[in-house]
Amino acid sequence: MNDASARPIGAAGNEIDRPVPSPPSSRVWGSDAIAAVLRELDIPYVALNPGASYRGLHDSLVNYLGNTRPRMLLCLHEESAVALAHGWAKVTGRPMGAIVHSNVGLMHATMAIFNAWCDRMPIIVLGATGAVDAMRRRPWIEWIHTARDQGALIRNYTKWDDQPASVGAAQEAILRANMIAQTAPRGPVYININLELQEDEIGALPPPLAMARFAPPAPPEPAGPLVRQAAELLAGARQPLILAGRGSRDPEAWQRRVALAEAIGARVMTDRKSGATFPTDHPLHGGGPELIVNSDVVLSLDWVDLAGVLHTAHGGKPVTAKIVQVSIDQYVHNGWSMDYQGLPPADVYLLAEPDAAVPPLLAAVKELRPNAPPLPEPALRPGPPPLSALEDTSVIQVPHIATAFKVALGDTPVSMLRLPLSWPDGLWEFSHPLDYLGTDGGGGIGSGPGMSVGAALALRDTGSGRLPVAVLGDGDFLMGVTALWTAVRNDIPLLVVVANNRSFFNDELHQERVARQRGRPVENRWIGQAIRSPDIDLTTMVRGQGCIGIGPVEDPKQLVAAIREAVAAVRAGKVCVVDVRVAAGYAADATAAILQRASR
Ligand SMILES: Cc1ncc(C[n+]2csc(CCOP(=O)(O)OP(=O)(O)O)c2C)c(N)n1
Ligand SMILES: [Mg+2]
């Protein structure tokens, strides 16, 4: 990774956020020792919104560490701060810090923490509380911003939290947090550092920590005899199916998944929630309910809702196929959040991460079946509509955005950081794990902008050479739009295309369904849903933050030029937002899925 924190930042390359050096001193405070651990752990950034409850730590980051490794990423909302860290983790697999003010800052951050929890992404959230000792509390403000057991706000959707009682314990807590957050199933962790710990002067720094001894452990291997059983089922299957769910962004793990599918001739389905985990242009990729019903052995690689997908495909009838479940997820299932989904049947249950289970499975399968079956003919893939489609219509549909991307991007490697609900499956091919990062995990809208900024930062710092593209619904965009300012301020190139149907349209479909069920007028579905009268001028909103704003693009004939202009701006390092006014409508398959959900 580049030394991103040494890079000059700011639109004109100004070295903003560089503190003047502090005079040499032997005096140290508790928060200096705490901040030093973040550097030892190589946490590159802390995304934050400030607050007096952590003013000691803030000072240490600026004046003790010099605002480098970690560097602060000032955000305009705590939800963005955590979303940035979430987006970063989706690309790198590693945690960034997020720091939030006592009570209120953490309250703002809760949805983003929930999203990261459901998405099993590591984040180290640091928070604070006013003085635990009431005698030391400043009047009023420090009383309202002091809470007992603040972690209770988020304990149901974090892996671990702590409020350490000494500087040594705080250092240990950060080491433990780093370890727990990165041990699968990964997730956010929270440490609350009270004011006294930060602000009390300490005589000397604690002795240096032997960091290597506190590294996250290697993932557990699946049990050998169970691997053998699973391999026998898979190698002997007439029509095996792999449901490729949660997976890492590691290209080698990707190759091994492909090798496993090819070794047994398994068809492979992927899930837009989980990002790219298998090449969508591979002859074995694709499927649907019939394929699930007709398969005799199903291998779930941590599919997010295995019970749900089996239940739906079989229409509620018993599942006769043999099921091999590969997942370690149950280690974080708790009694509050039902994000664990239905209980799937499993004939062989490999309690391991897919990345750890696939290599031994592959070896065992190849031993049992040395000759891979021939690959089927690749299916005809529709892809984006042809360019001529933009000439023949007066209204832009979401798939036309893909058409414009194809023309404007050519062979440029792209990462789709986010795609909206209205984006039909199969519209864009993914042939690398970074081609598509999946969704927010928790279904909490407003995460799109912040997560995109964090992911774009990671793509920049890792020197990926990829153009970061986020296609966001207007509702999602509007709830998190101020995250883009952080991208502008830190020179994070990013292209955002807003698929702007001027509505929280997903929910119009729900209202339509209910109206149908009740025999009431469907025409009213837009009330309380449409984002019109006045239409919001998205380009003004983003220009006001220093982004380049293009649009609103309403004429299909102008779409390609608009996207071309935007791509050129992002190549030049800018943050560019294109407001594309799209028809309110989802692809037939997405609409059907929503109506089906709505009917339950
Ligand atoms: C924080 C939050 N509030 C409300 C919802 C309910 N919800 C789900 S999708 C959706 C509409 C999203 O609108 P937009 O991003 O414009 O996408 P569209 O459906 O219009 O394509 C809403 C309101 C949610 N998921 N999260
Ligand atoms: Mg919308």
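Reading guide: rules and limits
Residues numbered from 1 in each chain as written. Chains lettered and ligands numbered in written order. Predicted model: local features only at pLDDT ≥ 70, side-chain atom pairs only at ≥ 80, totals over all residues. Heavy atoms only, no water. Buried < 20%, exposed > 50% of the residue type's maximum accessible area, 1.4 Å probe, protein only. Helix = DSSP H or I, 4+ residues; strand = E, 2+ residues; numbered from the N terminus. Pairing = 2+ DSSP bridges. Right-handed = clockwise from strand over helix to strand, strands pointing away. Axes fitted to C-alpha atoms, helices over the stretch in contact; angles between N-to-C directions. Contact = heavy atoms within 4.5 Å. Parallel < 35°, antiparallel > 145°, perpendicular 65-115°, else oblique. Left-handed = near helix turned anticlockwise from the far one by under 90°. Phe/Tyr/Trp six-rings, centres within 6.5 Å; stacked < 30°, edge-to-face > 60°.

Visitor: A description of the pairing of strand S15 (residues 467–473) should follow, citing residues and the corresponding values.
Guide: Counting buried residues along S15, six of its seven residues qualify, which places the element largely inside the surrounding structure. Taken together, the four bridges between strand S14 (residues 414–418) and S15 define a ladder with parallel strand orientation. Paired with arginine 418 across the two strands is alanine 470, which belongs to S15. Tracing the backbone out of S14, into helix H15 (residues 448–461) and back to the parallel element S15 gives a crossover that is right-handed.

Visitor: Which residues make up the sheet that holds strand S5 (residues 123–129), and what values go with them?
Guide: Pairing within the open sheet is parallel, and its six strands lie in the order S3-S2-S4-S5-S7-S6. The two strands at the open ends of the sheet, each matched to only one other strand, are strand S3 (71–74) and strand S6 (160–162). Sheet twist, expressed as the average angle between the axes of neighbouring strands with direction ignored, equals 20°. Where strand S4 (residues 97–99) lies against S5, three bridges are found, and the strand directions are parallel. Among the inter-strand pairings, glycine 97 is bridged to a residue of S5, identified as isoleucine 124. Where helix H2 (residues 55–64) meets the sheet, its contacts fall on strand S2 (45–48), S3, S4 and S5, and the angle it forms with S3 comes to roughly 120°.

Visitor: Requested: an account of the packing of helix H8 (residues 224–235) against helix H12 (residues 354–368), with residues and values cited.
Guide: Contact geometry for H8 and H12: axes closest at 9 Å, N-to-C directions at 55°. In terms of orientation, H8 and H12 fall into the oblique class. Of the two possible hands of crossing, H8 and H12 adopt the one that is right-handed. Two secondary-structure elements touch here, H8 through Val227, Arg228, Ala230, Ala231, Glu232, Leu234 and Ala235 and H12 through Pro360, Leu361, Ala364, Val365, Glu367 and Leu368.

Visitor: Let's hear about the environment of alanine 98: which residues, and what values?
Guide: With respect to the helices and strands, the residue alanine 98 is situated in strand S4. As for alanine 98 and isoleucine 124, which are separated by 26 residues in sequence, their C-alpha atoms are 6.3 Å apart. Leaving out residues up to four positions away in the same chain, alanine 98 has contacts with Ala47, Ala81, Val82, Ile123, Ile124, Val125 and Leu126.

Visitor: Now, about the packing of aromatic side chains: what can you tell me, with residues and values included?
Guide: Considering all chains together, one arrives at six aromatic pairs under this definition. With centroids separated by 5.5 Å and ring planes inclined at 80°, the aromatic side chains of tyrosine 45 and tryptophan 88 adopt a geometry described as edge-to-face. One end of the pair, tyrosine 45, is in strand S2; the other, tryptophan 88, is in helix H3 (residues 78–92), and 43 residues separate them in sequence. In this structure, tyrosine 45 and tryptophan 88 share a single accessibility class: buried. Here the aromatic rings of phenylalanine 405 and tryptophan 428 are separated by 6.0 Å at their centres, their planes lie at 80°, and the arrangement is edge-to-face. Here tryptophan 428 lies in the loop between S14 and H15 and phenylalanine 405 lies in helix H14 (residues 398–409), a separation of 23 residues in the sequence. Taken as a pair, phenylalanine 405 and tryptophan 428 share a single burial class, namely buried. Aromatic rings pair up to connect Phe114, Tyr157 and Trp336 into one cluster.

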